Amino acid sequence: MDDARQLIWEAATCSHCAALLSHPPRPVFQYHPSARILIAGQAPGARVHASGVPFDDASGDRLRDWLGVDQDTFYDPARFAILPMGFCYPGRSAQGDLPPRPECARLWRARFMDGFERLGLTVLLGAYSHIWHLGLASSIPVTETVANWRRYGPAVWPLPHPSPRNNRWLAQHPWFAGELLPALRTRVALALDL
């Protein structure tokens with residue numbers, strides 16, 4: 001556990017990208033080596049940057065619903081690790097939040113992944129986590145990856161990002177709520193021994 005504490009401290013105090021960020025660095029993540037489930041997101045948004053709590057926003061409400069868990073379960077680091085591809089809020093562009101800084105994954109991802117002792121399920125949110133964790137080409141659409149969710153299970157589940165910006169996508173793909181989510185909730189309960 002001392003190695004894990006050291007890793008958490010190093011990542012929490014990281015300022016590697018400070019000169020490239022529009023806000024002061026504030027790494028936001030949750031980790032414990034005994035976590036059963038990894039949530040691999042993209043990067044914190046402005047609200048999460050302000051609170052310092054991962055998924056402390058509408059995306060988090062939707063994600064917890066997708067997973068079938070309450071807040072207490074979700075924020076228990078021995079159950080859920082929450083490691084976005086970029087730990088700090090990357091800022092905004094005219095199209096929305098900027099992508100996660102690529103330096104973050106290169107610095108931290110392998111070190112955290114190597115530290116898991118009981119990981120049984122990895123939930124991938126959005127293209128950046130799909131690309132890194134599944135080794136996919138960036139040209140493969142999120143819809144195609146998510147539609148092929150059975151190919152990656154039972155240990156890995158690619159999902160779209162739970163952002164309210166994806167309401168239209170969810171409405172256009174009813175199989176997501178009708179087929180994928182019930183199977184995901186069952187898999188989450190199994191991974192948590194609920």
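Just so you know, these numbers come straight off a predicted model, no measurement behind them.

Caption draft 1: Main features of the overall build of the protein. Across its full length, the protein holds 10 helices and 6 strands. Over its C-alpha trace the protein gives a radius of gyration of 16 Å, about what one expects of a compact globule, namely 16 Å for 194 residues. For the protein, with 194 residues in total, the buried portion stands at 46%. In the protein, the proportion of contacts linking residues at least 24 apart, taken out of those at least 6 apart, comes to 72%.

Caption draft 2: Structural context of the packing of helix α1 (residues 2–12) against helix α5 (residues 102–115). Where α1 meets α5, the closest approach of the two axes is 11 Å, and the angle between their N-to-C directions is 160°. On the basis of the axis angle, α1 is roughly antiparallel to α5. When the axes of α1 and α5 are compared, the crossing they make is left-handed. Contacts between α1 and α5 involve Leu-7, Ile-8, Glu-10 and Ala-11 from the former and Trp-108, Arg-111 and Phe-112 from the latter.

Caption draft 3: Up close: the packing of aromatic side chains. What the rule picks out here adds up to 13 aromatic pairs. Consider the rings of Phe-29 and Phe-87, whose centres lie 4.7 Å apart with planes at 25°: the pair is stacked. On the criterion of sequence distance, the pair formed by Phe-29 in the loop between α1 and β1 (37–40) and Phe-87 in the loop between β2 (80–82) and β3 (92–93) is long-range, its members being 58 residues apart. The exposure classification of Phe-29 matches that of Phe-87, with both residues buried. Plain terms: the ring middles of Phe-55 and Phe-74 are 6.2 Å apart, the flat faces sit at 80° to each other, and that makes the pair edge-to-face. Placement of Phe-55 in the loop between α2 (46–51) and α3 (58–67) and of Phe-74 in helix α4 (residues 71–74) is noted, with a sequence separation of 19 residues between them. For Phe-74, a relative accessible area of 0% puts it in the buried group. Chaining the aromatic ring pairs together yields one cluster made of Phe-29, Tyr-31, Phe-87, Phe-112 and Phe-116. Taking NZ or CZ as reference, Arg-64 lies 5.2 Å from the ring centre of Phe-74, over its face. Sitting over the ring of Trp-132, Arg-109 keeps its end group 5.8 Å from the ring centre.

Quick notes on the rules
- The numbering scheme is per chain: residues are counted from 1 as the chain's sequence reads.
- Note on the predicted model: pLDDT of at least 70 is required for a residue's local features to be given, and 80 or more for side-chain atom pairs to be given and counted; whole-chain, interface and lining totals, by contrast, use all residues.
- Excluding hydrogens and water, the side-chain values take into account all heavy atoms of the structure.
- Strands are runs of DSSP state E lasting at least 2 residues, helices are runs of H or I lasting at least 4, and numbering of each runs from the N terminus.
- Radius of gyration: over C-alpha atoms. The globule rule applied is 2.2 Å multiplied by the number of residues raised to the 0.38 power.
- Each residue gets one of three labels from its accessible area relative to the maximum for its type: buried under 20%, exposed over 50%, partly exposed in between, using a 1.4 Å probe on protein chains only.
- Note on contacts: a residue pair is in contact if any heavy atoms of the two residues lie within 4.5 Å.
- Throughout, an axis means a line fitted to C-alpha atoms (over the contacting stretch in the case of helices), and angles, computed between N-to-C directions, take values from 0 to 180 degrees.
- Angle categories are assigned with fixed cut-offs, so that under 35 degrees is roughly parallel, over 145 is roughly antiparallel, 65 to 115 is roughly perpendicular, and the rest are oblique.
- In this scheme, a crossing is called left-handed if the near helix is turned counterclockwise away from the far one by less than a right angle; it is called right-handed if the turn is clockwise.
- Here a Phe, Tyr or Trp ring, Trp counted by its six-membered ring, pairs with any other such ring whose centre lies within 6.5 Å, and the pair is stacked when the planes are under 30 degrees apart, edge-to-face when over 60, and tilted otherwise.
- Throughout this description, the term charge over a ring refers to an Arg CZ or Lys NZ atom that lies within 6 Å of the ring centre and within 35 degrees of the ring normal.

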